[in-house]
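Here is what each chain is made of, one letter per residue.
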Amino acid sequence: MSTIAVTHTNTNSASRVVGAARLHYVMDTWLFVWAPLVGYVGLSAVFLIIAGVAGSGVVGSRDSSTSLGLIMTILMLMQGYQSVTRLFGLSQAFGLTRREYLAGAWAVGVIGAAVLSSLLTVMGVIERATGGYGLGVRLAYSPFVFDHGEAAALTTWFIVLLGAFLAGLLFSAVRQRFGVLGTWIVYLGILALAIVAAALIGYRQFHK
């Protein structure tokens, strides 16, 4: 009920965007608050228990691993998709415009990416310092991510996680607007452009 009051009584655009973001946490607390935290803590505990029982080096690799980061990225993708499918219609009932809702959803993605990228970076630093907790566990640490320092690792995780959230948001928004056929047309077009861009880059590299 408090969310309804916020979205109807505040005429300030910034306040309505805050209301749109708050809608995610109030109406789907599990997906946008508890699922990332439970997933992060729970999966970390499970991986460590497996490593402790099965022996060192079983979970992850000393050379490269971002297994927990991959799972969190998939979760952010799901959050972005569910943001539209579950809450967009509700936001319309609360009087929010599409622009206000998408701005609020963007804010939710930024917050989620900031929190999870910080947690993954801290975990990666700990894994590097302790040799994977003395068990050779690599869940968040990877030389590819951390070779240029902690700030670069934090930035990398943030961009990847936010990108996944926005990809899910875009996919769901396009599907809602244009239907399944329209969605496939749009994404096949994007795929074709990506292939052409990759081919051009490869051609330029080959002919240097």
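All residue numbers here refer to positions counted from 1 along the written sequence of the relevant chain. Only residues with pLDDT of at least 70 are given local features in this predicted model, and only at 80 or more are side-chain atom pairs given and counted; all residues enter the totals for whole chains, interfaces and linings. Heavy atoms from the whole structure form the basis of all side-chain values; hydrogens and water molecules are not counted.

Peer 1: I'd like to hear about helix α5 (residues 98-130), residue by residue, with values.
Peer 2: If you check α5, its first and last C-alpha atoms are 48 Å apart, about what 33 residues at 1.5 Å a residue would give, namely 48 Å. Each helix is a run of H or I in the DSSP string that is no shorter than four residues. Each strand is a run of E no shorter than two, and both are numbered from the N terminus. Gly131, located one to two residues past α5, shows a positive phi value of around 65 degrees. Multiplying 1.5 Å by the helix residue count minus one yields the expected span of that helix.

Peer 1: How would you sum up the environment of Ala105? Please name residues and give values.
Peer 2: Along the polypeptide, Ala105 turns up in helix α5. Categorising residues by exposure relies on relative accessible area from a 1.4 Å probe, with only protein chains included: less than 20% of the type maximum marks a residue as buried, more than 50% marks it as exposed, and the intermediate range marks it as partly exposed. With relative accessibility at 0%, the residue Ala105 sits in the buried group. Spatially, the C-alpha atom of Ala105 lies 9.7 Å from that of Gln79, the residues being 26 residues apart in sequence.

Peer 1: Just give me the short version of the side chain of Thr73, but keep the residues and values in it.
Peer 2: Note on placement: Thr73 falls in helix α4 (residues 67-93). Polar contacts here mean pairs of N or O atoms no more than 3.5 Å apart (in protein, one a potential hydrogen donor and the other a potential acceptor; neighbouring residues in sequence count only if both atoms are side-chain atoms). Looking at Thr73, its side chain comes within polar contact range of the main-chain oxygen of Gly69, at 2.7 Å. Note on contacts: a residue pair qualifies if any of its non-hydrogen atoms lie within 4.5 Å across the two residues. In this structure, Thr73 is in contact with Val160, Leu161 and Ala164, ignoring residues within four places of it in sequence.

Peer 1: Outline a nonpolar patch on the surface, listing residues and values.
Peer 2: Together, Trp30, Trp34, Leu37, Val38, Ile111 and Val115 line one region of the surface with nonpolar side chains, adding up to about 590 Å² of accessible area. Secondary structure elements with two or more residues in the nonpolar patch: α3 (29-54) and α5. No other element matches the 4 residues that α3 contributes to the nonpolar patch. Inspection of the secondary structure assignment puts Val115 in helix α5. Only residues whose relative accessible area exceeds 30% and that take part in no salt bridge are eligible for patches, with like-charged residues grouped when within 9 Å of each other and nonpolar side chains (Val, Leu, Ile, Met, Phe, Trp, Tyr) grouped when within 5 Å. Here, Shrake-Rupley sampling with a 1.4 Å probe gives the accessible areas, and only protein chains in the shown set may cover a residue. The term salt bridge refers to a pairing of a side-chain nitrogen on Lys or Arg with a carboxyl oxygen on Asp or Glu at a separation within 4 Å.

Peer 1: Go over the packing of α4 against α5, please, and point to the residues and values.
Peer 2: Relative to each other, α4 and α5 sit at 160 degrees, their axes nearing to 11 Å. The orientation of α4 with respect to α5, classified from their angle, is roughly antiparallel. Considering only the axes of α4 and α5, their crossing is right-handed. Here Leu68, Gly69, Met72, Met76, Ser83, Val84, Leu87, Phe88, Ser91 and Gln92 of α4 come into contact with α5, specifically with Arg98, Tyr101, Ala105, Gly109, Gly112, Ala113, Leu116, Leu120 and Met123. Its residues assigned to classes, the contact of α4 with α5 comprises 12 nonpolar, 6 polar and 1 charged. Between N-to-C directions, angles span 0 to 180 degrees; the directions come from axes that are lines fitted to C-alpha atoms, helices contributing only their stretch in contact. We call two directions roughly parallel when the angle between them is under 35 degrees, roughly antiparallel when it is over 145, roughly perpendicular when it lies between 65 and 115, and oblique otherwise. Put simply, a crossing is left-handed when the front helix is turned counterclockwise from the back one by less than a right angle, and right-handed when it is turned clockwise. Each residue is assigned to one of three groups, with Ala, Val, Leu, Ile, Met, Phe, Trp, Tyr, Cys and Pro labelled nonpolar, Asp, Glu, Lys and Arg labelled charged, and all others, Gly among them, labelled polar.

Peer 1: Tell me about the pattern of salt bridges, and name the residues and values.
Peer 2: Under the counting rule described, the total for this entry stands at 3 salt bridges. For Glu100, the salt bridge is made with Arg16, and the minimal N-O distance between the two is 2.9 Å. With a gap of 84 residues between them, Glu100 in helix α5 and Arg16 in helix α2 (residues 13-27) connect regions that are remote in the sequence. As far as the burial class goes, Glu100 and Arg16 line up, both buried.

Peer 1: Can you lay out α4 for me, pointing to particular residues and giving the numbers?
Peer 2: For α4, with 27 residues, the first-to-last C-alpha span of 39 Å sits near the 39 Å given by 1.5 Å per residue. To obtain the bend at a residue, axes are fitted to the seven residues ending there and to the seven starting there, and the angle between these axes is taken. The largest bend in α4 comes to about 50 degrees, at Leu87. Positive backbone phi, at 85 degrees, marks Gly95, one or two positions downstream of α4.

Peer 1: Tell me what's going on with the confidence of the model for the protein, and back it up with residues and numbers.
Peer 2: Keep in mind that low pLDDT regions are not for reading the predicted coordinates in detail. On average, the protein scores 80 in pLDDT, and the residues at 70 or more come to 76%. pLDDT measures how confident the predictor is about each residue, on a scale from 0 to 100. Confidence scores differ between elements of the protein, with helix α1 (residues 2-9) showing the lowest mean pLDDT of 44 and α5 the highest of 93. Low pLDDT, under 50, characterises residues 1-10; the predicted model gives this stretch 20 contacts beyond four residues in sequence or across chains.

Peer 1: With reference to specific residues and values, describe the nonpolar core.
Peer 2: Grouped together as the largest cluster of nonpolar side chains are 36 residues, with contacts concentrated most on Leu68, Met72, Met76, Leu120 and Leu161. Every element with two or more residues in this core is listed here: α2, α3, α4, α5, α7 (143-146) and α8 (150-206). Every residue in contact with Met72, bar those within four places of it in the chain, is listed here: Pro36, Gly39, Tyr40, Leu43, Leu116 and Leu161. Definition of nonpolar core: a set of buried residues of the types Ala, Val, Leu, Ile, Met, Phe, Trp, Tyr and Cys, connected through side-chain atoms within 4.5 Å.

Peer 1: Just give me the short version of the packing of aromatic side chains, but keep the residues and values in it.
Peer 2: Between rings of Phe, Tyr and Trp, where Trp is taken as its six-membered ring, a pair exists when centres lie within 6.5 Å; planes separated by under 30 degrees are stacked, by over 60 edge-to-face, and by other angles tilted. Here the structure, examined in full by the defined rule, presents 3 aromatic pairs. Aromatic side chains Phe88 and Tyr101 sit 5.4 Å apart centroid to centroid with 70 degrees between the ring planes, which places their arrangement in the edge-to-face category. Taken together, the residues Phe88 in helix α4 and Tyr101 in helix α5 connect sequence positions 13 residues apart. Of the two residues, Phe88 and Tyr101, neither departs from the other in class, the shared state being buried. When the centroid spacing of 5.2 Å and the interplanar angle of 35 degrees are considered together, the rings of Tyr141 and Phe146 count as tilted. Phe146 shares its class with Tyr141; the two are buried.

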